[in-house]
Amino acid sequence: MPKSMKRDTITPTVRTAPPGPNARRWAKYHMKHAAHATYFYDFVWDRSAPAIGPFCTDVDGNVILDFANHVASSPLGYNHPELVALSRKLASIDPDRYAGTDFIGAWGRDPAVSDVPTPSHLHYKLMEITKPFGFNVAFFSNTGAEAVENAIKICYDYRRNYGYGICFYGAFHGRTLGALSLNRSRRVQRDWYPQIPRIIDLPYCRCLGPCDCGWKIYSIRRKGVISRLTQILDPDIGLIGPEEVAYIIIEPVLGEGGYDLPKPDFIREVGEIARDNGIPLICDEIQSGLGRTGKWWACEHFNIRPDIITSAKALRIGATLGRKEIFPQEEKRISSTWGEGNAISTAVGYQTIKIIQKENLLQNATKMGEYFLDGLRNLQSKYQFVHDVRGLGLMDAISVTSDRTRNRIITGALQQGLLIIGCGFESIRFLPPLDVKKREIDLALNILDDVLNHL
Ligand code: PLP
């Protein structure tokens, strides 16, 4: 096992092919009482061992280059010195979670001079990075699913209408009963679970050329091509009136569903229809937000103006963000014991945003994203079975010809020390940290090249 790591020189090194004996032992020990969930058994991270940037150590002493990024929830990679220092400062207090929606947890007498960021400070920080949307309110919860759950509750309350919700094919919004009702990526997430009524799903158009996914249709009555959303809300040929819709929820880039980019015309039209009809538009940025795509929010790439943004993962805490007039005016309509009182997570979330600002990591994500995508396109030109390369900033993916091939690539990459994960059915997603360096991307591309070459 390495005794320490220097980010500039460390390389992925596999001494015992994963899963090694210690990884197997840990997996067996863990799974004795763990519920079946979404575990990836071959990689067991040793939290007591050295890790820096995108590099960490597994329990068998292998140095792993991590381009899975804890599924977008570790935007600065491992052990960013400022985050480690902050966590140390906070480690001395107990409890690190308090009833924060019931009691305000301050640090010192004056918020203006507090040397530790509190949940209140995170509110302000989030307002800075949602300025283009005029947001002025944040509500924290424990997970992404809860951020979505609260977003739709807020819309149901605001609209007080028939409560239709509109979502899109391929979507993943979480696993609580409300959020899972909006999922359209895999059956396993929804089968047999009761779901909220009046959810309408529509195609998520990712067509590169003329639309053939069903989003655009020819209407005889309208004598032309219109979108499905226009059709559904049309006063003559539609199914419901816009005043009956509580919200439209969309991922500006599909996450679990396959890292697909929306056709710009499609997402722009969704935004315009929502705005013109006064329907709240929720952008679920739990995977795509906080700089991952090179902008604070992926929706900014498409010029749409959400009424609510949901954030989590990279922020370390669930957050539902918007404008005060949409949120319930009445007390006790929304609340969460720990959401607003999670001292470590909110401090780390605050500091993460500050580091992204200070180190210009939006620019880095854009620049390194282009560099990485170029490298992936080179691989595509070499290997026929890579049939698509796509991405925005550092939210990138390839598709291959089958899920079997995809799984072989993921396993082969880990055997050489590169950790990557799948999404959709035949895709692999890549999520390096936002401060990834050219050298680290080259290391990943070299491993991928070798794995693809030996398939
Ligand atoms: N929404 C999106 C877009 C996600 O990617 C996820 C998680 O993958 C969620 C919601 C749910 O977040 P959590 O797992 O924190 O509940």
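Residues numbered from 1 in each chain as written. Predicted model: local features only at pLDDT ≥ 70, side-chain atom pairs only at ≥ 80, totals over all residues. Heavy atoms only, no water.

A. Here's a closer look at unusual backbone geometry. Note that the residue after P18, namely P19, is joined by a cis bond; omega there is 0 degrees. Secondary-structure assignment places P19 in the segment before α1 (21-31). Going from D94 to P95, the amide bond is cis rather than trans, its omega being 0 degrees. The residue P95 is located in the loop between α3 (81-90) and α4 (119-128) in this model. For N79, which is not a glycine, the phi torsion comes out positive at approximately 55 degrees. Summarising the element assignment, N79 is placed in the loop between α2 (69-72) and α3. A residue is classified by how much of its surface remains accessible, and N79, at 42% relative accessible area, is partly exposed. With a phi close to 65 degrees, R198 is a non-glycine residue in the positive phi region. Mapped onto the elements of the fold, R198 is located in the loop between α6 (177-180) and β5 (199-202). Residue classification places R198 among the partly exposed residues on the basis of a relative accessible area of 42%. (Helix = DSSP H or I, 4+ residues; strand = E, 2+ residues; numbered from the N terminus. Buried < 20%, exposed > 50% of the residue type's maximum accessible area, 1.4 Å probe, protein only.)

B. Up close: the side chain of Q189. Here Q189 lies in the loop between α6 and β5. Overall, Q189 belongs to the buried group, its relative accessible area being 7%. Not counting residues within four places of it along the chain, the set of residues in contact with Q189 comprises F172, R175, L180 and N183. (Contact = heavy atoms within 4.5 Å.)

C. Fine view of the packing of helix α11 (residues 403-415) against helix α12 (residues 438-453). The N-to-C vectors of α11 and α12 enclose an angle of 125 degrees; their axes lie 9 Å apart at closest approach. For the element pair α11 / α12, the angle class is oblique. Relative to α12, the crossing made by α11 is right-handed. Residues I409, G412 and A413 of α11 form the contact with α12, whose own contacting residues are I447, L448, V451 and L452. (Axes fitted to C-alpha atoms, helices over the stretch in contact; angles between N-to-C directions. Parallel < 35°, antiparallel > 145°, perpendicular 65-115°, else oblique. Left-handed = near helix turned anticlockwise from the far one by under 90°.)

D. Region of the structure containing empty space enclosed by the protein. If you walk through the whole model with that rule in mind, you get 1 cavity of 30 Å³ or more. As a volume, the largest cavity reaches approximately 30 Å³. What lines the largest cavity is simply A72, P75, G289, L290, G291, R292, A314 and L434. (1 Å grid on protein atoms, 1.4 Å probe; cavity = no way out; pocket = protein on both sides within 12 Å on 5 of 7 lines; lining within 4 Å. Points joined across faces, edges and corners; volume = space filled by probe spheres on them.)

E. Summary view of the layout of surface pockets. Here the second largest pocket is characterised by a volume of approximately 880 Å³. Mapped by element, the contributors of at least two residues to the lining of the second largest pocket are α4 and β3 (137-141). Looking at the lining of the second largest pocket, the element that brings in the most residues is α4, giving 5 residues. Residues of the lining of the second largest pocket, tallied by class, amount to 12 nonpolar, 8 polar and 7 charged. (Nonpolar A, V, L, I, M, F, W, Y, C, P; charged D, E, K, R; others polar.)

F. Main features of the pairing of strand β2 (residues 63-66). Both faces of β2 are covered, namely the face carrying V63 and L65 and the face carrying I64 and D66. Bridge analysis of strand β1 (residues 55-57) against β2 gives 3 bridges, and the strand direction is antiparallel. Considered in β2, the bridge of C56 is made with I64. (Pairing = 2+ DSSP bridges.)

G. Just the sheet that holds strand β15 (residues 421-423), in detail. Here we have 4 strands laid out as an open sheet, ordered β12-β13-β16-β15, and antiparallel in their pairing. Each end of this open sheet is capped by a strand with a single partner; those strands are β12 (386-392) and β15. Within the sheet, the average angular offset between the axes of one strand and its neighbour, ignoring direction, is 30 degrees. With 6 bridges joining them, β12 and strand β13 (residues 395-400) adopt antiparallel strand pairing. Of the residues in β13, the one forming a bridge with G391 is D396.

The analysis is restricted to geometry; functional conclusions fall outside its scope.
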